Structures are given as structure tokens and as C-alpha cells.
Number of protein chains: 2
Amino acid sequence: MSLIVPPDHPRYYSLLYRERIVEKAKEGVVVLQGLIAHGRGEAFDYMMGERTTPAALKAEKAAVALLKLAKHPVISVNGNLAALVPREIVMLSKALNAPLEVNLFYRSEERAKRIADLLKAHGAEEVLWKPDAEIEGLSSERRKVTRRGIASADVVLVALEDGDRTEALKRVGKKVIAIDLNPFSRTARMADITIVDNVIRAIPNMIKFAEEMSEEECKRTLEDFDNSLNLRESAKYLKEWVQRMIEEL
Amino acid sequence: MSLIVPPDHPRYYSLLYRERIVEKAKEGVVVLQGLIAHGRGEAFDYMMGERTTPAALKAEKAAVALLKLAKHPVISVNGNLAALVPREIVMLSKALNAPLEVNLFYRSEERAKRIADLLKAHGAEEVLWKPDAEIEGLSSERRKVTRRGIASADVVLVALEDGDRTEALKRVGKKVIAIDLNPFSRTARMADITIVDNVIRAIPNMIKFAEEMSEEECKRTLEDFDNSLNLRESAKYLKEWVQRMIEEL
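Note that this is a predicted model, so its numbers are computed, not measured.

1. Let's talk about the overall build of chain A
Helices and strands together make up the secondary structure of chain A, namely 11 helices and 8 strands. Taken against the 2.2 N^0.38 rule, which gives 18 Å for 249 residues, the C-alpha radius of gyration of chain A at 17 Å falls within 12% of a compact globule. The dimensions of chain A, computed from C-alpha atoms along their principal axes, are 55 × 50 × 35 Å. Within the span of chain A, comprising 249 residues, buried residues form 59% of the whole. For chain A, restricting intrachain contacts to residue pairs at least 6 apart in sequence, the fraction spanning at least 24 positions comes to 66%. As displayed, chain A has an accessible area near 10,700 Å², and 50% of this comes from carbon and sulfur atoms. Side-chain charges of chain A comprise 39 positive and 39 negative groups, with the mean position of each set lying 2 Å from the other.

Following this line, the structure appears as C-alpha cells:
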């Protein structure tokens, strides 16, 4: 089914990416539950005005600072992330010198490989997708990680995540950066840095920061960043949106 | 993939219906875009506390009153509604003496028939699904209706709807009752009566009202109902939820 949406339509990008993720579900990159999760994200994105808020931009900068100062940063990739921004996560991986690791809740060998192949088709030289280690205290398929990747990482970037895994990663001593449009989710509250933004905007912003920021600037940025304060700032945009919408009723 | 969720899990029903709609997507009743729409609904339901608010209950009662007093009420059914509450919409149809008509945005003959068959398997004696008329001023597949059903209806119940159709139905003089978890959607704002609730709770509540309410009570209920006021009341629950969540951050 093709979609004809003029680029000046106020919700152009939302509709475009909706079609993209549906295509990727047909190709077996995204599971059907992933489409439902995408819809939840759409709802929060719509309430945030489908834009990067000033708070989100600050969190994106702090996230890049933490990743750049890390000894062994890793970018965890699931089906939705790979479907939405395959080229961009490969670029971010290169800019940060951080490997990409496929990590799935609804894991199958076939799907993990398909996602790795998709990333390679978008320029990734290597993608970690064959687990040889486990994260303690996590029973889902998400426990399966690689020794060279998440198992030995000090900082992990996760997007479109479940709360259980963020909690487990924290418990084994990792710093977690989460991209989550719901500022109240367990993931958002447990992460060290939470980016309340759509990955379609967050990842490009992060690539830019990764290319620009010096070590000095990274250190200063992290000193000035307070995640709990930043989360509350993000949530205020949501509250203001609801307030404005009520006034229009 | 089977799901084992204990019934005392706080989000039991949400997770159960998530699996149900995924199953129905595999069977071709629900389209992939319908799964994304379900996710958007989940997000709003979560913000409303996954319960029928007092405002929603009032709207459900008023909706039944309007349907009972109608000359020719019709229940419009799409893939998601049929997937989530097939038995319940058949029961509501019988309790209201209102025919069921399949109306789809992503329409194919095959899917329309499959939905009709699903409803028949749940006890429907007749399901209107072969269009022989059109709603003016609507270009999507949703324009296709039946003469015996929506075309001649004075009141139409729509659930999980797009704004364009609600607008078109209003323009040709129908009264529209919408079930929509987003109190700010165009559908919610255009409908004569808007039920801001999950169909899994709204339809059972409506069956009960349909069985209980006398004509007298229907008239009184409608006299006392103000949709715009009711919508604002629903939206306030959302606002209060956001406020509470911010305080917990």
C-alpha cells in the first residue's frame, strides 16, 4: 500500500515512518508487538509536538558526552530501531567508535541475522548478533549478549526499551542511556541519561554532537547535566500540551 | 508466542488484549497499521489509568440513550474492534436492535468478509459488509457503505476511528457516537457523543445500559448530557495523571 502524503503535511514524518515500520514488519525485521510499541511512541511523540524539545537536545548532548568518555560504549539495536534509522545508527556507531549489538525481546536467530544484515547493507562493518554471554537476573531473551559487546560495555545506549532490561543492566554496573518518548516509563526513570525524543530526530542530533564535541566539552557537559531535572523538564512539555489541548476543547 | 501473565498483574488486560490483537493480525482481521493504532490507544489508556472514568461512564450511558431513541442506529465495525470484542459487539447489536456494518480504511473484499465471518461465528445473524452506496465528500475506502446500514442510519456508533470519516458522517446529517481514547482527536471533538474509554470496557458497559434503560430514562439522560463538558472532564483525568507522574519523578 503506497502512501501519498505531501511533505508540508503537519504530520508528514510521523506518517512516513509509520509506513516504513509497516514495511519492515512485512520483511520480518520488526515483530507485530513492535508495531504496537511504535504506536505507543507515536502517541507520546504527538503530545510532545513531534519535535526535539530543548530538554531532549540537552540530554542528547549529555548522552554523546558520556558515550565519548566511555571506555567501551555499545549501541544496543532492536528491530524497531533498525527499521526506523538503519543508516543513522551505523553513522553514530562509527562517529563514537561504539559497536552495534543486536538485542531482541522476541529473539530468533533468523531475525537477529536479518537485522545484522540490514545494518551491514547500510554500511556497518561489523554487527554483534551471536550471543555468547548472559546478563544476570534477566529471564527474557534480552539476557543474551556478546562478550565483546554489551557484556564488557561500561556504557550502553538503548532505545525503545523494556524496563526490565534497563534495570538488569544497571544492576550489573553499566551506565545506561535510554531513548524513550514516555518520560514516566521505568526505563526513563532508571536510566542514567534519558532522551525523551523520537529516534528519527535523536540519532541525527547525536551524530552531529559526536562529530563536534571535544573531550573538554564532553566533561563540562556531563558536569552540568542532571537527569532527574531534565526528565521533569521533558514532562513539563507534555503537561503544557495537555493544558493547551484542554483549553481548545 | 504464548504469554503467561498472572491475572493480578496490574496491566493484565492490556497485555492480554495486546496478544489478542497480534493474533488477529496474523489471521488477517487486523492490518499492520491497525496494530500501530492499537499502540496509540494503549498509551492513552495507560494515561487514563486503564479504567472507565466517571466521565466515560456518563458518556456510555448517554450513547446508549441516543442509540435506543434512534430510528435507525447502526454499529460500524472495523478490524480492531472486531478483533478485540467480537462477542460483545454482537451482543450490543442485539440489545440495541442495531445492525453491524463492516467499514474499513484498508479495505479489501477478503478482509471485509473475514470480519463478517468472525462476527457471525460470535453469534451475529446478519452483518452488512457488501457496500452499495457511498458517503459524499470522503475519498478513502471508508466512503463505501450499505444502503440498508450506514447510508440510511440516523445514528452511527464508530470506534477507533479516523477524523475524516466522522466529519463526513456529520456533514451528511448523521449523529455520531465515537469511542476514542484520545480526548483531543478530531474524531473526539467532532462526535455528538464521545466515549473516552477502551472498547474492552466501554462495550460491556453499554450492553448493560442497553438492557436496563427505559425510554424515559434515555430521554432524561440525553437532556442532562453535554459532550463538550464531558470531554473536558475526561481530559482532566489525563492532566491529573501527568501531574501525579511529574510529582513522582
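2. Some points on the pairing of strand 6 (residues 155-159) of chain A
Residues and elements named next belong to chain A. Of all 5 residues in strand 6, 5 are buried; the element is thus mostly enclosed. Covered by surrounding structure in strand 6 are Val155, Leu157 and Ala159 together with Val156 and Val158, the residues of both alternating faces. Two elements, strand 1 (residues 73-77) and strand 6, share 3 bridges in a ladder whose sense is parallel. For Ile75, the partnering residue across the bridge sits in strand 6 and is Leu157. The pairing of strand 6 with strand 7 (residues 175-179) spans 5 bridges and is parallel.

3. Some thoughts on the relation of the copies chain A and chain B
Each copy of the sequence occupies a distinct position, and chain A is placed on chain B by a rotation of 180 degrees and an axial shift of 0.0 Å, giving an RMSD of 0.0 Å. With respect to symmetry, the two chain copies, as superposed, fit the operation of a two-fold axis. Mapped onto chain B, 100% of the interface residues of chain A are again interface residues, and the two copies thus contact each other with one and the same surface.

4. Overview of helix 2 (residues 32-47) of chain B
Along an α-helix, a turn takes 3.6 residues, which lines up residues three or four apart on a common side. All names here are of chain B. Its 16 residues place the ends of helix 2 24 Å apart at the C-alpha level, agreeing with the 22 Å of an ideal helix rising 1.5 Å per residue. In terms of burial, helix 2 is a largely internal element, 13 of the 16 residues being buried. Gly49 lies just past helix 2 and shows a positive phi near 85 degrees.

5. With respect to the sheet that holds strand 3 (residues 127-128) of chain B
Residues and elements named next belong to chain B. Within the open sheet, the 6 strands sit side by side as 3-2-1-6-7-8. Their pairing is parallel. Looking along the sheet, the strands with just one partner apiece sit at the ends: strand 3 and strand 8 (193-195). Relative to strand 2 (residues 100-102), strand 1 (residues 73-77) is paired through 3 bridges, and the arrangement is parallel. When the bridges of strand 2 are listed, Val77 appears paired with Val102.

6. Focus on the interface of chain A and chain B
Interfaces are often sized by the accessible area lost when the parts come together. With 38 residues of chain A in contact, the opposing surface of chain B contributes 38 residues. Area buried by chain A at its contact with chain B is led by A:Ile36, A:Phe184 and A:Leu249, which between them contribute 21% of it. Among the salt bridges present, the one from A:Glu248 reaches B:Arg189, with a minimum N-O distance of 3.5 Å. Linking chain A to chain B there are 12 residue pairs in polar contact (both at pLDDT 80 or more). Those elements that place two or more of their residues in the side of chain A that touches chain B are helix 1 (12-26), helix 2 (32-47) and helix 11 (227-248) of chain A. For the side of chain A that touches chain B, the class distribution of residues is 22 nonpolar, 6 polar and 10 charged.

7. Here's the deal with the confidence of the model for chain A
Residues of chain A with pLDDT of at least 70 account for 96%, and the chain-wide mean is 94. If you check the scores for this complex, the pTM reads 0.94 and the ipTM reads 0.94.

8. With respect to helix 1 of chain A
Helix length check: helix 1 of chain A (15 residues) gives 22 Å between terminal C-alpha atoms against 21 Å at 1.5 Å per residue, within 8%. Within helix 1 of chain A, the full set of buried residues consists of A:Tyr12, A:Ser14, A:Leu15, A:Tyr17, A:Arg18, A:Glu19, A:Ile21, A:Val22, A:Lys24 and A:Ala25. If you follow the buried residues of helix 1 of chain A, they end up packed against helix 2, helix 4 (79-84), helix 6 (109-121) and helix 9 (199-212) of chain A together with helix 2 of chain B. Once helix 1 of chain A finishes, A:Gly28 follows within two positions and takes phi at roughly 85 degrees, a positive value.

9. Some thoughts on the UniProt feature "binding site: ATP" (unreviewed entry) in chain A
Residue and element names in this part refer to chain A. Cross-referencing UniProt, the feature "binding site: ATP" (unreviewed entry) maps to Arg18, Arg40, Asp180, Leu181, Asn182, Arg186, Thr187, Asn198 and Val199 in the present numbering. In terms of the greatest pairwise C-alpha distance, the residues named above, spread along 182 residues, do not form a single cluster, extending to 24.8 Å across. What makes Asp180 buried here is its relative accessible area of 12%. If sequence neighbours within four positions are ignored, Asp180 has contacts with Ser185, Thr187, Ala188, Ile195, Val196 and Asp197. Looking at Asp180, its side chain comes within polar contact range of the main-chain nitrogen of Asn182, at 2.9 Å.

10. Observations concerning the environment of A:Pro54
Mapped onto the secondary structure, A:Pro54 falls in helix 3 (residues 54-69). Separated by 183 residues in the primary sequence, A:Pro54 and A:Tyr237 have C-alpha atoms spaced 9.9 Å apart.

11. Digging into the packing of helix 2 of chain A against helix 1 (residues 12-26) of chain B
Two measures define how a pair of helices packs: the angle their axes make with one another and the distance between the axes. Running from N to C, helix 2 of chain A and helix 1 of chain B cross one another at 120 degrees; their axes reach a closest spacing of 9 Å. As the angle between them shows, helix 2 of chain A and helix 1 of chain B are arranged oblique. By crossing handedness, the relation of helix 2 of chain A to helix 1 of chain B is classed as right-handed. Taking contact as the criterion, the partners of A:Leu32, A:Gln33, A:Ile36 and A:Arg40 in helix 2 of chain A are, on helix 1 of chain B, B:Arg18, B:Glu19, B:Ile21, B:Val22, B:Ala25 and B:Lys26. Class assignment of the residues belonging to the contact of helix 2 of chain A with helix 1 of chain B gives a composition of 5 nonpolar, 1 polar and 4 charged.

Calculation notes
- Residues numbered from 1 in each chain as written.
- Chains lettered and ligands numbered in written order.
- Predicted model: local features only at pLDDT ≥ 70, side-chain atom pairs only at ≥ 80, totals over all residues.
- Heavy atoms only, no water.
- Helix = DSSP H or I, 4+ residues; strand = E, 2+ residues; numbered from the N terminus.
- Rg over C-alpha atoms; globule rule 2.2 N^0.38 Å.
- Buried < 20%, exposed > 50% of the residue type's maximum accessible area, 1.4 Å probe, protein only.
- Contact = heavy atoms within 4.5 Å.
- Areas by Shrake-Rupley, 256 points an atom, 1.4 Å probe, with all protein chains shown as cover.
- Lys, Arg positive; Asp, Glu negative; His and termini not counted.
- Charge placed at Lys NZ, Arg CZ, Asp CG, Glu CD.
- Pairing = 2+ DSSP bridges.
- Least-squares fit on C-alpha atoms with pLDDT ≥ 70 in both.
- Expected span 1.5 Å × (residues − 1).
- Buried area = accessible area lost by both parts, 1.4 Å probe.
- Salt bridge = Lys/Arg side-chain N within 4 Å of Asp/Glu carboxyl O.
- Polar contact = N/O pair within 3.5 Å; in protein donor to acceptor, adjacent residues only side chain to side chain.
- Nonpolar A, V, L, I, M, F, W, Y, C, P; charged D, E, K, R; others polar.
- pLDDT = per-residue confidence, 0-100.
- UniProt positions renumbered as here; feature names shortened; annotations may be inferred.
- Axes fitted to C-alpha atoms, helices over the stretch in contact; angles between N-to-C directions.
- Parallel < 35°, antiparallel > 145°, perpendicular 65-115°, else oblique.
- Left-handed = near helix turned anticlockwise from the far one by under 90°.

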